[in-house]
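So you can see what is in the structure, the chains are spelled out below.
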Amino acid sequence: MRFHDKFKYSFCLTSLILSTSTITGCNSGQELKSQVSIDGAAVGFPISLAVAEEYQKVKADAKVSVASSGTGGGFSKFCNGDIDIVGASRTIRNEEIAKCKSKNIEFVELPIGLDGVAVIANPKNKFAQCLTIKEMNTIWSAKSDGKILTWNQVNPKFPKLPLKLYAPASDTGTFDYLTQAVTGKAKNGRTDYTPSHNQNLLVQGVSGDESALGYVGISYYIQNQEKLNLVAIENLKGECKKPVPLDNVLKNTYTPLSRPLFIYVSKISLDNKPVVKEFVDFYLENSWKWVDGAGYVALPDEAYVKVKQKFAAGETGTKFQKAKPGEPITNFI
């Protein structure tokens with residue numbers, strides 16, 4: 001079974017588990033204490049799903065539900081106390097920290113892998129081989145809304161073709177991360193594009209439109225690379241780099257569009273539900289096995305050691321808000 005097929009099957013299975021949990025809402029307190037709930041980013045979702053499935057094999061009585069409502073949706077539930085763990089493709093925002101604080105929810109921030117945001121064009125596009133951050137800003141900035149509508153407005157050397165844009169929805173971590181990276185300001189993205197929470201639909205849109213441009217998590221490009229042109233991005237050293245080969249992500253040469261993926265764990269859940277700590281221990285010990293297979297990049301070995309030490313110490317709060325593109329991930333664990 002190919003990974004993509006397994007992903008579709010597993011997602012349906014997980015949705016069924018979640019629906020059952022919703023129906024049986026009269027669970028006793030003891031039953032609830034034996035359950036672990038995860039929600040959040042579509043990017044990184046396959047890792048959490050694979051870990052949960054493996055955990056339930058070694059601990060048959062475990063009940064782990066994994067869902068994907070986007071990073072923003074996951075943080076909303078997490079900071080409301082509705083879930084134990086949120087998967088995130090960006091760092092937690094100040095307003096989310098404030099909401100968590102209002103509910104007395106502290107959190108442990110744990111990077112689990114690396115991802116590169118893949119900028120994709122139609123295979124027939126032969127001119128957009130490498131885009132600068134300035135050109136990416138021209139394309140995606142809010143000030144371009146309704147104004148930058150053709151390729152030659154981005155670069156006069158490009159043809160005068162309609163610029164059709166496809167990207168994750170504005171409440172996703174991928175949208176937030178790319179917008180911050182290319183415009184220098186959060187929530188500064190244009191709105192006149194075709195959005196979707198399903199990044200496979202974005203792939204379909206770009207692959208079916210000769211003048212299209214979009215961006216997705218790297219795993220979605222890898223699964224569909226025969227349908228797409230992977231666009232290089234000029235990094236901070238002036239080099240045109242792509243997120244493939246994946247070493248470009250690991251070595252921080254694909255900047256500023258390389259990013260860590262996270263899970264945030266509720267301190268309340270850790271204190272009151274021993275199963276949550278057991279599951280996260282298992283997660284940190286085993287998740288690297290599925291990171292590469294899911295189309296992401298494993299952390300450096302020393303980073304995994306530091307992440308485990310951080311979790312064992314119960315260190316709460318965020319350090320990654322201060323991280324800048326190109327800085328070693330180990331500086332912020």
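For the structure, check the block above.
Residues numbered from 1 in each chain as written. Predicted model: local features only at pLDDT ≥ 70, side-chain atom pairs only at ≥ 80, totals over all residues. Heavy atoms only, no water.

Chemist: So what's going on with the overall build of the protein chain? Which residues, and what values?
Modeler: Of regular secondary structure, the protein chain possesses 15 helices and 12 strands. When burial is assessed residue by residue, the protein chain has 52% of its 333 residues classed as buried. About 14,900 Å² of surface is accessible on the protein chain, with carbon and sulfur atoms providing 54% of the total. (Helix = DSSP H or I, 4+ residues; strand = E, 2+ residues; numbered from the N terminus. Buried < 20%, exposed > 50% of the residue type's maximum accessible area, 1.4 Å probe, protein only. Areas by Shrake-Rupley, 256 points an atom, 1.4 Å probe, with all protein chains shown as cover.)

Chemist: Account for the nonpolar core, with residues named and values stated.
Modeler: One recurring pattern in soluble globular proteins is that nonpolar side chains are buried together. Ranked by size, the top nonpolar core spans 95 residues in total, and within it Phe78, Leu110, Trp140, Leu213, Tyr264, Phe279 and Val280 carry the most contacts. Broken down by element, this core gets its largest block of residues, 10 residues, from strand S4 (residues 107-121). (Core = buried A, V, L, I, M, F, W, Y, C linked by side-chain atoms within 4.5 Å.)

Chemist: An account of the state of the cysteines is needed here, citing residue identities and associated values.
Modeler: Simply put, disulfide is the name for a covalent bond between the sulfur atoms of two cysteines. Applying the stated criterion across every chain yields a total of two disulfides. Bridging cysteine 79 to cysteine 100, the disulfide has an S-S length of 2.1 Å. As the torsion about the S-S bond is roughly -70°, the cysteine 79-cysteine 100 disulfide counts as left-handed. Pair noted here: cysteine 79 is in helix H4 (residues 71-79) and cysteine 100 is in helix H5 (residues 94-102), with a separation of 21 residues, a long-range link. Exposure remark for cysteine 79: the relative accessible area of 0% places this residue in the buried category. The side chain of cysteine 130 participates in a disulfide bridge whose partner is cysteine 240; the two sulfur atoms lie 2.1 Å from each other. (Disulfide = S-S within 2.5 Å.)

Chemist: Any chance you could break down the packing of helix H6 (residues 133-140) against helix H8 (residues 173-183) for me, citing the residues and the numbers?
Modeler: The packing of two helices is summarised by the inter-axis angle and the distance between the axes. Interaxial distance between H6 and H8 falls to 8 Å at its minimum, and their mutual angle equals 125°. Judged by the inter-axis angle, H6 sits oblique to H8. Handedness of the crossing formed by H6 with H8: left-handed. Every residue of H8 that contacts H6 at Ile133, Met136, Asn137 and Trp140 is listed here: Leu178, Ala181, Val182 and Thr183. (Axes fitted to C-alpha atoms, helices over the stretch in contact; angles between N-to-C directions. Parallel < 35°, antiparallel > 145°, perpendicular 65-115°, else oblique. Left-handed = near helix turned anticlockwise from the far one by under 90°. Contact = heavy atoms within 4.5 Å.)

Chemist: Any details on the pattern of salt bridges? Residues and values, ideally.
Modeler: Following the criterion strictly, the structure yields 19 salt bridges and no others. Between glutamate 109 and lysine 310 there is a salt bridge whose closest N-O contact spans 3.9 Å. Taken as a pair, glutamate 109 in strand S4 and lysine 310 in helix H15 (residues 301-313) lie far apart in primary sequence, 201 residues in all. On the basis of relative accessibility, which here comes to 0%, the residue glutamate 109 falls in the buried class. The partner of lysine 308 in a salt bridge is glutamate 285, and the shortest N-O contact between them spans 3.1 Å. On the criterion of sequence distance, the pair formed by lysine 308 in helix H15 and glutamate 285 in helix H13 (residues 274-286) is long-range, its members being 23 residues apart. (Salt bridge = Lys/Arg side-chain N within 4 Å of Asp/Glu carboxyl O.)

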